[in-house]
Amino acid sequence: MGLKRQREDDEEGDGADDLMTQLQQHLRHNLTLWGSTHEAGEKLLSLYRSEAQHLEELMTRTLTLGESNSAMVLAPRGTGKSALLDTVLKKLERTGSLCEGFVVRLSGLLQTDDRHALREITSQLRLETATANKVFGSFAENLSFLLESLRFGSKESSKPVLFILEEFDLFCHHRNQTLLYNLFDVAQSAQAPICVLGLTCRLDVIELLEKRVKSRFSHRHIHLFPPDAFDPHYLATFTHLLTLPPDTLPHKDFAERWNSDVASLVEDIEVRRVLKRIHTTTKDVRTLKAILLVCVSGLSGENERVDAKRLTKAHTLLSGDSKTKLLHGLSFLQLTLIIAMSHLTHTYDGEPYNFEMVLHEYLKFSRRHSHTRPLPRPVVFKAFDQLKGLELIRAVEGNTRGTQREYRLYHLLVTSEQLSTALGTIQALPTDLQQWAVSAI
Amino acid sequence: MEVAVQDISDSIPCRREQIQLLVHLLGQGTCALPSSLFVYGPSGCGKTLVTLAVLKRLDIITAHINCIEAYTPRIMFETVLNQLSGTVLSSSNGYTSYASCDNLGDFVKHIKDIGRNRGMPRIAVVVEHSERLRDQDANIMPVLCRLQELTCSTNIVVIFLSSIPVDKFRASTGFMEPIVVHFPQYYKNEVMEILVKLKPEKYSEEFFKNYINLVLSVFYVATKDLPELKHQVQLNFQTYCEPIEKGEAAEGDMRQLWRNIEPHLRKAMNSVYLREVSSDQYERMQKLTEKNEPDHLLSNMSHNAKMELPFYSKFLLIAAYLASYNPARTDRRFFMKYHGKQRKTQAMIKAKERSSNQLVGPKPFPLDRLLAIFYSIVDDRVTPTANIFSQISTLVTLRLLTQIGGDDQLDSPKYKCVVSLDFIRTIARMVSFDIIRYLYDYA
């Protein structure tokens, strides 16, 4: 009996671990920083219904009627521009109107000049073989050849192409904006049915366009305004990110229990407090996703719930002040130098100072406390150099040619608050150093 | 998952928390990887060691690059692609890379291909010294952060290793926040725990611990860097054990041993982190000094301020130093015979304290002033020949003086003396000239 009981327990234990792995896989999918799951896509569609409809309409007109269009989608980072567009494209694919056209995706981060962009367009249109033996005089000629190749018979029967330009603002920095000029020109003069969609986070992107390019753009702007109220939107996002989609796990009761747990989590005061804190610093969903990923990834068979403690821990883990953490890793010599510099900043009222002055302060300090023997100059200089490497101090810009390194001027990039917080928590800090620091701050 | 954590932290001590976090974030089996991780902490605290060990344990295909070696995009991309595709450069493939690739568009495409060809495995790209990425094209950093997004369905993670926090990376557009993992510096007891592992067979743990305590008591003030401390522990152990081997002291005789080792440690302290010479050379030098044999290598190191110059060049350099560090208005006082009496007022002393020239650095001076001082400090009469002028330009070539301003000033170029006080004092001693008496800051 006992044996049997134990075996059952074992199986349950294994089962729990197994469940956790599956749960994690689903949640990790929810918590990727880019793209969207099916459910999230539906949510986006309902959230930006009119914008999505507008986009869908534009694309359908190009795909079915052979109209040419251009539009710009503007929204802050992490709002879901690409995700929304993807969802709309998927919808078009389902309805079957997409299969007649091509989708060409370019990203300003990857295609850094127009030559690369054109090569990418060629390969995405699968026209490498057609262009292989041709020599083109100009960019426009090349592009029109590409579009020409898609044409079959009359103008109406030409294959429609959707151009999606991510990070549109970066395309504006290309020389002469040739790619943009040609794309907009083709769209405006209706040479071939194309639809140019630009995605960007810069509101002033139109100002970056040259006059001749600007005049060819249709000036259709689609703004996405993310609803950013804490209650209910942010909390809804929170629950949504943690909720398991129905029918994903084999154990239905487990999934239900998990979902109800998550629903009750939002009511927890402590959880709300942490979320509120995150919300006040940034409304970017990606920060929330990162914190939740840390929470979820720590789940295992024994501790299978996300709770306030876990959330707080993840939040502190990701949000601590990095300079203070950096100060913790410094040797006492380097800390002494930092304190000396904070003294100097104070006495010279923010004027920069050089190594000699810092060394002078350091020597004065170690002379006052006779039991600390001052370290030799080259060692102190090396320590100073390492501070520069850690970018805790910054050299003053300007003419540094011909200046010796020990006379180059520097600013300290650590505030006195950061210094005092760090000093308060460092183990075994010598008392004289502590006192000197306090007298400085 | 916990088994993996346990295994790794058995082999890497004192990093359990970080190992756990990394293992959890990366996950096991085939689950989705996070887009990018940012691992930072002071140098020598196990970032690379832990990261690579975790990746290996989790069976993730890893490409590991160092931005110091991969200093151009092309080298970086091709190294990553070679490592991911398993291409090893050898004579059989004519030392050709997996693909020639010098732009991000191709790089992303190749990564997609590799992912597809190898059956969608989990891939990691570890970028060491990633602070150097900021010096390259502005879009490399954002693309690496978003590599997972840009390569569509490839399950790839980019792990940045750096000693600088992520705040300093946020300059360019499109930067996507990675998940930050901080590696703190080891605490003193942790350093102890790790260093004890170096214990040689012959000696007891207690004895070795005492030794490490001694070393730490001297060096821990100057550096918390584990590799540096390790180096010092290994370097000085033989000297520490000498009295025991000679039979002069017992293992428990702490005081005797300390008296023996202390001067050595103090001496080593003078060159902590500097590594002017290799440890082998250092040991050799220590032996030579014990035998009281003067060695040119040693004298080179301890007086690297020594330099042989022609007689007049030395005086020219001294004159240049004086011209750089003394205010021009005090020349009368220092170099004229009857300069009249000067009263020291309280205000003057105050002003002097406030802006010592030793702290502010050398000031530029015209050629005429240099020559005037030169003639007044050289005892015998010198005629201003081309020889003297050419010696000035030699001093400039030797980087003892620097010429300020453009080369257009043919008639009166300006110079600055860029040698240290110690250096000029040795030079002055060689020609028996008391330079301190002539310096405004000390006179």
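Residues numbered from 1 in each chain as written. Chains lettered and ligands numbered in written order. Predicted model: local features only at pLDDT ≥ 70, side-chain atom pairs only at ≥ 80, totals over all residues. Heavy atoms only, no water.

**Student:** Is there a simple way to explain the overall build of chain A in this structure?
**Tutor:** Within chain A, the regular secondary structure consists of 22 helices and seven strands. Expressed as a percentage of its 441 residues, the buried residues of chain A come to 48%. For chain A, long-range pairs separated by at least 24 residues make up 75% of all intrachain contacts whose partners lie at least 6 apart in sequence. Entry remark: accessible area of chain A is about 21,800 Å², with carbon and sulfur atoms responsible for 51%. (Helix = DSSP H or I, 4+ residues; strand = E, 2+ residues; numbered from the N terminus. Buried < 20%, exposed > 50% of the residue type's maximum accessible area, 1.4 Å probe, protein only. Contact = heavy atoms within 4.5 Å. Areas by Shrake-Rupley, 256 points an atom, 1.4 Å probe, with all protein chains shown as cover.)

**Student:** Help me understand the sheet that holds strand S8 (residues 414–417) of chain B, please; the structure alone is not making it clear to me.
**Tutor:** Two orientations exist for strands paired in a sheet by backbone hydrogen bonds: parallel and antiparallel. All names here are of chain B. Taken together, three strands build an open sheet; the order of strands is S6-S8-S7 and the sheet is antiparallel. The open sheet terminates on both sides in strands that have one partner only, identified here as strand S6 (365–366) and strand S7 (401–404). One ladder, built from four bridges, connects S7 with S8; its direction is antiparallel. Considered in S8, the bridge of Gln 403 is made with Tyr 415. (Pairing = 2+ DSSP bridges.)

**Student:** What is the right way to look at the interface of chain B and chain A in this model?
**Tutor:** Note: interface size is frequently given as the accessible area lost on complex formation between the parts. Listed by partner, the interface residues are 66 residues for chain B and 62 residues for chain A. Carbon and sulfur atoms supply 59% of the area that chain B and chain A bury against each other, a total of about 5,100 Å² over both sides. Three residues stand out in chain B for area buried against chain A, namely Lys 224, Tyr 273 and Leu 359 of chain B, and they jointly supply 12% of the buried area on that side. Scanning the region where chain B abuts chain A turns up three salt bridges. (Buried area = accessible area lost by both parts, 1.4 Å probe. Salt bridge = Lys/Arg side-chain N within 4 Å of Asp/Glu carboxyl O.)

**Student:** How do you make sense of the confidence of the model for chain A when you look at a structure like this?
**Tutor:** Close inspection of predicted coordinates is inappropriate for parts of the model with low pLDDT. Residues of chain A with pLDDT of at least 70 account for 92%, and the chain-wide mean is 85. pLDDT under 50 marks residues 1–13 of chain A. Its contacts with residues more than four places away, or in other chains, come to zero contacts. (pLDDT = per-residue confidence, 0-100.)

**Student:** What exactly am I supposed to notice about the side chain of Asn 66 of chain B here?
**Tutor:** Residues and elements named next belong to chain B. Position of Asn 66 among the secondary structure elements: in strand S2 (residues 61–66). Exposure remark for Asn 66: the relative accessible area of 18% places this residue in the buried category. If we ignore the near neighbours within four places in the chain, the residues touching Asn 66 are Glu 128 and His 129.

**Student:** Help me out: how do you make sense of the pattern of salt bridges in this one?
**Tutor:** When the charged atoms of two side chains lie near each other, side chains of opposite charge can form a pair. In this structure the tally under the stated criterion is 31 salt bridges over all chains. A salt bridge links Glu 167 of chain A to Arg 77 of chain A; its shortest N-O distance comes to 3.2 Å. Pair noted here: Glu 167 of chain A is in the loop between strand S3 (161–166) and helix H8 (168–171) and Arg 77 of chain A is in the loop between strand S1 (69–74) and helix H4 (81–95), with a separation of 90 residues, a long-range link. Classification of Glu 167 of chain A by relative accessible area gives buried; the value is 11%. Across the pair Glu 78 of chain B and Arg 74 of chain B runs a salt bridge, and its minimum N-O distance is 3.4 Å. Linking Glu 78 of chain B with Arg 74 of chain B, this pair stays in helix H4 (residues 73–85), spanning four residues, or about one helical turn. Its relative accessible area of 36% is what places Arg 74 of chain B among the partly exposed residues. Each of Glu 356, Arg 377 and Glu 406 of chain A takes part in salt bridges that share partners, so that together they form one network.

**Student:** Just to check I follow, could you spell out helix H21 (residues 416–425) of chain A for this structure?
**Tutor:** Working note: α-helix, 3.6 residues per turn, so residues spaced by three or four point in the same direction. Residues and elements named next belong to chain A. Within H21 the residues assigned to the buried category are Gln 418, Leu 419, Ala 422 and Leu 423. Down the axis of H21, the buried set is contained in an arc of 125°. They therefore lie on one face. Facing away from the buried surface of H21 by more than 90 degrees, the exposed residues are Glu 417, Gly 424 and Thr 425. (Arc of directions from axis to C-beta.)

**Student:** Teacher, can you tell me more about helix H15 (residues 285–297) of chain A here?
**Tutor:** Residue and element names in this part refer to chain A. Compared with the 18 Å implied by 1.5 Å per residue over 13 residues, the 18 Å span of H15 between its first and last C-alpha is a close match. Buried residues of H15: Arg 286, Leu 288, Lys 289, Ala 290, Ile 291, Leu 292, Leu 293, Val 294, Cys 295, Val 296 and Ser 297, and no others. Its side-chain oxygen placed 3.0 Å from the backbone nitrogen of Arg 286, Asp 284 serves as the N-cap of H15. (Expected span 1.5 Å × (residues − 1). Polar contact = N/O pair within 3.5 Å; in protein donor to acceptor, adjacent residues only side chain to side chain.)

**Student:** Help me out: how do you make sense of unusual backbone geometry in this one?
**Tutor:** That bond from Asp 231 of chain A to Pro 232 of chain A is cis: its omega, 10°, falls within 30 degrees of zero. Mapped onto the elements, Pro 232 of chain A comes out in helix H12 (residues 230–242). Even without a glycine there, the phi angle at Cys 14 of chain B is positive, about 65°. Note that Cys 14 of chain B resides in the loop between helix H1 (2–11) and helix H2 (16–26). With a phi angle near 50°, His 129 of chain B is a residue other than glycine that sits in the positive phi range.

**Student:** How should the environment of Ile 61 of chain B be read in this particular structure?
**Tutor:** All names here are of chain B. Among the secondary structure elements, Ile 61 is positioned in strand S2. Placed 64 residues apart in sequence, Ile 61 and Val 125 show a C-alpha to C-alpha distance of 8.5 Å. Once residues lying within four places of it in the same chain are set aside, the contact partners of Ile 61 are Leu 84, Arg 118, Pro 121, Arg 122, Ile 123 and Ala 124.

**Student:** Honestly, the sheet that holds S1 of chain A in this entry has me stumped. Any pointers?
**Tutor:** Residues and elements named next belong to chain A. Overall, parallel pairing links the five strands, which are arranged S2-S3-S4-S1-S5 in an open sheet. Either end of the sheet is taken by a strand with one partner, and the two such strands are strand S2 (102–107) and strand S5 (221–223). On average, each strand axis in the sheet is inclined to that of its neighbour by 20°, with strand direction left out of account. Relative to S3, S2 is paired through six bridges, and the arrangement is parallel. Residue pairing across strands places Val 103 opposite Leu 162, the latter belonging to S3. (Axes fitted to C-alpha atoms, helices over the stretch in contact; angles between N-to-C directions.)

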